[in-house]
Amino acid sequence: MQNRVLTIKTIHDAREILKQIGVSSQGVEVMAPKAVGKSVLLYNVETAAANIMKQECLIIGADCAMSRGIVEGKKKSSNLLIMGGANKLLALITRMRHYTSMGLPQIRDQLSSLRSQMLFNHSYDRGKDFLPQVMGILNVTPDSFSDGNSYGDVKEAVDHALKLKEEGASIIDIGGESTRPGSQRVSLEEELKRTIPVINALRKVSDIAISIDTYKAEVARQAIEAGANIVNDIWALDGDQDMLNVIKANPQVKICLMHMLGNPETMQDNPNYDNIINSIFTFFDKKLKQCESAGISRDRIILDPGIGFGKRQTDNLEILKRIDEFNILGCDILLGASRKSFINNIYQSEAKDRLEGTLATTAIAYNNGVEIIRVHDVQANVRFLKTLQAINNQGFNIL
């Protein structure tokens, strides 16, 4: 499990996190108000080190929550929640410089890195002109859940892509195989037939960034040759063992790695997680190490937590609520929530009638520093984002 910065937004959330750590019921009530805000969560700190951390936090006026039983040595390890913000964290790091054993030097290094991440806020440090990039969806499939069979002709597909660009899209995501729940896979030949002519034709008339939505290495390779800039892989390199080599061989190309449980055919058959955010973090950590070992740096990697891909309703909402936590991984984050069925679970609707729900997720993306939003309704989302930006940048003048 990866140590990380948490942004705890409510007393309720604070209580839940403290309970998960194993804090006593009395301790939960005392510490919950102090935990609201930015805190650091450390996993599996051994007893001796945990007790020293607790003592040092008390000395500097910070708080450190840990499992009951650690003080008495009844447990071997505990997760720690360190509260107090960046200044307290700096004081703690300074005090820890004299420790040379029990894993404390390593913990100190991790705290220093986490403090840097805590100080970097995507929503503000990028400047007032920052807006998420809008990725327009172009499905050249007969069975996509929202717009299947709409753009099967190459000219129709290119015309639609150009329309999305005119509406404000900076990326066009072209997919030749539906990944809706229960969808069936298509052959390599069929996917190539659907996508490559469209990419070739679009690249001849536009320099817009093109993303190929595929998990097949050969489709990715031919798409890159035709002019694609991004490979959007819902299988996150697990669908085709040669995909990593294709990305490695094309250093100008980015790769989007998505979290999914199971596969599109079965992913919604009773998905279950103990903790959805922890599960996604563990998955991303594994994938980032896999990429970095192949020489693929984080600035080439986009991470997608996979709304609707093997997720329960509660999981989807938890991801949206806590999506800012993924910023610490040092990669661009993509949110793909447009018209998805979790919105239907909030208000009954057909896919084409879910614009309002989609715009709500776009607001969350903007407020939490998400770099890319993948949507069907480009114009509405671009206008919505520009309005949010204008409101956010309004100066405060005292008359």
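Conventions adopted
- Residues numbered from 1 in each chain as written.
- Predicted model: local features only at pLDDT ≥ 70, side-chain atom pairs only at ≥ 80, totals over all residues.
- Heavy atoms only, no water.
- Helix = DSSP H or I, 4+ residues; strand = E, 2+ residues; numbered from the N terminus.
- Rg over C-alpha atoms; globule rule 2.2 N^0.38 Å.
- Buried < 20%, exposed > 50% of the residue type's maximum accessible area, 1.4 Å probe, protein only.
- Contact = heavy atoms within 4.5 Å.
- Areas by Shrake-Rupley, 256 points an atom, 1.4 Å probe, with all protein chains shown as cover.
- Lys, Arg positive; Asp, Glu negative; His and termini not counted.
- Charge placed at Lys NZ, Arg CZ, Asp CG, Glu CD.
- Phe/Tyr/Trp six-rings, centres within 6.5 Å; stacked < 30°, edge-to-face > 60°.
- Core = buried A, V, L, I, M, F, W, Y, C linked by side-chain atoms within 4.5 Å.
- Pairing = 2+ DSSP bridges.
- Axes fitted to C-alpha atoms, helices over the stretch in contact; angles between N-to-C directions.

S.K.: Help me get a handle on the overall build of the protein, residues and values and all.
M.R.: The helix and strand inventory of the protein stands at 15 helices and twelve strands. The C-alpha radius of gyration of the protein comes to 23 Å, within 12% of the 21 Å expected for a compact globule of 399 residues. With the principal axes as the frame, the protein shows a C-alpha extent of 70 × 60 × 40 Å. Residues counted as buried form 53% of the 399 residues belonging to the protein. Here the contacts in the protein between residues at least 6 apart in sequence split such that 71% fall between residues at least 24 apart. Accessible surface for the protein amounts to roughly 18,200 Å². Of this, 49% is attributable to carbon and sulfur atoms. Between the centroid of the 47 positive side chains of the protein and the centroid of its 47 negative side chains there is a distance of 7 Å.

S.K.: Tell me about the packing of aromatic side chains, and please be specific about residues and values.
M.R.: The relative placement of two aromatic rings is captured by the distance of their centres and the angle of their planes. According to the stated counting rule, one finds four aromatic pairs in the structure shown. Note on Phe284 and Phe326: the rings are 5.8 Å apart at their centroids and 75 degrees apart in plane angle, and the pair reads as edge-to-face. Of the two residues, Phe284 is situated in helix H11 (residues 276–293) and Phe326 in the loop between helix H12 (313–321) and strand E11 (332–335); the sequence distance between them amounts to 42 residues. Among the residues examined, Phe284 registers a relative accessible area of 0% and is labelled buried. An aromatic cluster is defined as three or more aromatic residues linked by ring pairs; in this entry it consists of Phe281, Phe283, Phe284 and Phe326.

S.K.: Explain the nonpolar core to me, and be specific about the residues and the numbers.
M.R.: Of all hydrophobic cores here, the largest spans 97 residues; its most connected members are Leu42, Met53, Ile82 and Leu111. Looking at this core, the element that brings in the most residues is H11, giving eight residues. Not counting residues within four places of it along the chain, the set of residues in contact with Ile82 comprises Ser39, Val40, Leu42, Met53, Cys57, Asp63, Cys64, Leu89, Leu92 and Leu111. If you look at the next biggest cluster of nonpolar residues, it comprises 16 residues, including Leu18, Val23, Ala32 and Leu81.

S.K.: Describe the environment of Leu41, with residues and values.
M.R.: With respect to the helices, strands and loops of the structure, Leu41 is situated in strand E2 (residues 37–46). Distance in space between the C-alpha atoms of Leu41 and Ile82 is 6.5 Å, their sequence separation being 41 residues.

S.K.: Could you give me a rundown of the sheet that holds E2, with the residues and numbers involved?
M.R.: Pairing is antiparallel across the open sheet formed by four strands, whose spatial order is E1-E2-E4-E3. Each edge of the open sheet carries a strand with a single partner, namely strand E1 (4–8) and strand E3 (63–65). Strand after strand, the sheet turns through a mean of 30 degrees between neighbouring axes, direction not considered. Pairing between E1 and E2: five bridges, direction antiparallel. Bridging across to E2, Ile8 finds its partner in Gly37.

S.K.: Go over the side chain of Thr179, please, and point to the residues and values.
M.R.: As for its position among the elements, Thr179 is in the loop between strand E6 (171–175) and helix H8 (188–205). Looking at Thr179, the relative accessible area reads 16%, which means it is buried. Apart from residues lying up to four places away in sequence, Thr179 is in contact with Ile234, Pro264, Met267 and Phe309.

Taken by themselves, the reported measurements are silent on function.
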